[in-house]
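Examination of the molecular architecture
Below are the chains, spelled out letter by letter.
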Amino acid sequence: MDLNQVYTLIQPGLNSVEAEFRRLIDSQQDFPEMQRMLQQILVGGKMVRPTLTLLAGSLYSYRKERHQAMAASSEFMHIATLVHDDAIDSADMRRGRPTINFVWGVDLAILLGDFLFAHAGETAANTGSIRAVKIFSRTLGVIARGEIKQAFSAFKLPQSYEQYIERIAAKTAALFTLATESGAVLSDAPEEAVQILSDYGYNLGIAFQIVDDILDYIGTEAEVGKPVGADLAQGTVTLPAMKIVERYPHDNPIDKIIAREDIAVNIQRALEIVRGSSIIDECYQEAAKYTQRATANLLNLPAKPAREALYCLADYVLLRKI
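None of these values were measured; they are calculated from a predicted model. (Residues numbered from 1 in each chain as written. Predicted model: local features only at pLDDT ≥ 70, side-chain atom pairs only at ≥ 80, totals over all residues. Heavy atoms only, no water.)

Digging into helix 3 (residues 32–41)
- Of the residues making up helix 3, those classed as buried are Met 34, Gln 35, Met 37, Leu 38, Gln 40 and Ile 41.
- Looking at the packing, one finds that the buried side of helix 3 touches helix 2 (11–26), helix 5 (64–89), strand 2 (97–98), helix 6 (100–104) and helix 7 (106–125). (Buried < 20%, exposed > 50% of the residue type's maximum accessible area, 1.4 Å probe, protein only. Helix = DSSP H or I, 4+ residues; strand = E, 2+ residues; numbered from the N terminus. Contact = heavy atoms within 4.5 Å.)

Regarding the pattern of salt bridges
- Applying the stated criterion across every chain, the model contains 11 salt bridges.
- Ionic pairing is found between Asp 86 and Arg 94, a salt bridge with its closest N-O pair at 2.8 Å.
- Judged by relative accessible area, which is 18%, Arg 94 ranks as buried.
- As a salt-bridge pair, Glu 282 and Lys 243 come within 3.6 Å of each other at their nearest N and O atoms. In this pair, Glu 282 sits in helix 16 (residues 279–295) while Lys 243 sits in helix 13 (residues 239–247), placing the two residues 39 residues apart along the sequence.
- Since its relative accessible area comes to 25%, Glu 282 is described here as partly exposed.
- Residue Lys 243 is classed as buried on the basis of its relative accessible area of 14%.
- Sharing partners across several salt bridges, the network here consists of Lys 243, Arg 247 and Glu 282. (Salt bridge = Lys/Arg side-chain N within 4 Å of Asp/Glu carboxyl O.)

Describing the layout of surface pockets
- The volume enclosed by the largest pocket comes to roughly 1,100 Å³.
- Counting only elements with at least two residues in the lining of the largest pocket, the list comes to helix 4 (48–58), helix 5, strand 1 (93–94), helix 8 (130–153), helix 9 (161–186), helix 10 (191–218), helix 11 (221–224) and helix 12 (230–233).
- Residue contributions to the lining of the largest pocket peak at eight residues, all from helix 5.
- Taken as a whole, the second largest pocket holds about 270 Å³ of empty space.
- If you trace the second largest pocket, you find it lined by Val 142, Arg 145, Gly 146, Lys 149, Gln 150, Phe 152, Ser 153, Gln 159, Gln 163, Glu 166, Arg 167 and Ala 170.
- Elements with a contribution of two residues or more to the lining of the second largest pocket: helix 8 and helix 9.
- Residue composition of the lining of the second largest pocket, by class: three nonpolar, five polar and four charged. (1 Å grid on protein atoms, 1.4 Å probe; cavity = no way out; pocket = protein on both sides within 12 Å on 5 of 7 lines; lining within 4 Å. Points joined across faces, edges and corners; volume = space filled by probe spheres on them. Nonpolar A, V, L, I, M, F, W, Y, C, P; charged D, E, K, R; others polar.)

Below, the structure is given as structure tokens:
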């Protein structure tokens, strides 16, 4: 099974998510400024989180309206976090387009993010499942706490591997877990299966973020939709940066960036070190460990196309370029 076949399996559900985007935009016809902001951000994206919700639901008793609502909710939450992240980081570009904060300012970006979080919660409630709403609320709390913790750790060394994993667990992995766990819960999956799918989402999310962090060093601005080295510019120490420090403990560009010395020059030095060494391969090996953990227990789930699709997504995470 390839990625196109994965999307074909759940295309009607993904179409419903896009339809929900359009409905939200159309609902703001009396507020043209809000409409323009929503049109700016509710475009593009790989729809990974809705895909996970729909696939997890397809393994047991798929309920169209409930699963489509949760799929949309997970993507609205994801987009809300992007709006807030960009505002906090003063980022200018996202997905190759100007960010909300760049066009309308930080204050309005934060408020738009709040609006999207609220709509995500309302959409989750449309599932009629108290448990799904609790998972949603728990995830929002984990993400917010994680962002606060990341803010306090910016431009600080040393940072351990465990701290790094904890940070990305409260970011990408939390949203992936929301997607798979809620999809399983809404299909009345056995508790063992809910746990397997929750673990799958968590570990796949860790792997996905590690690859994201790799691409911040080896991708191009056109590929990643934002300037390369953006994490370093914000003082965020990711796995490639940690490996630079390990390799060159007494003279490395990361220490200088943390000390805010010639940041642009030292970002370029860091990129060159990573691209000219085995660091990238080492980071991909770490990501592969987590995709293996993600798929370790999938054979205990029903032998359906959705299960094969989950294996395919794990492969895609390691191979993706954007």
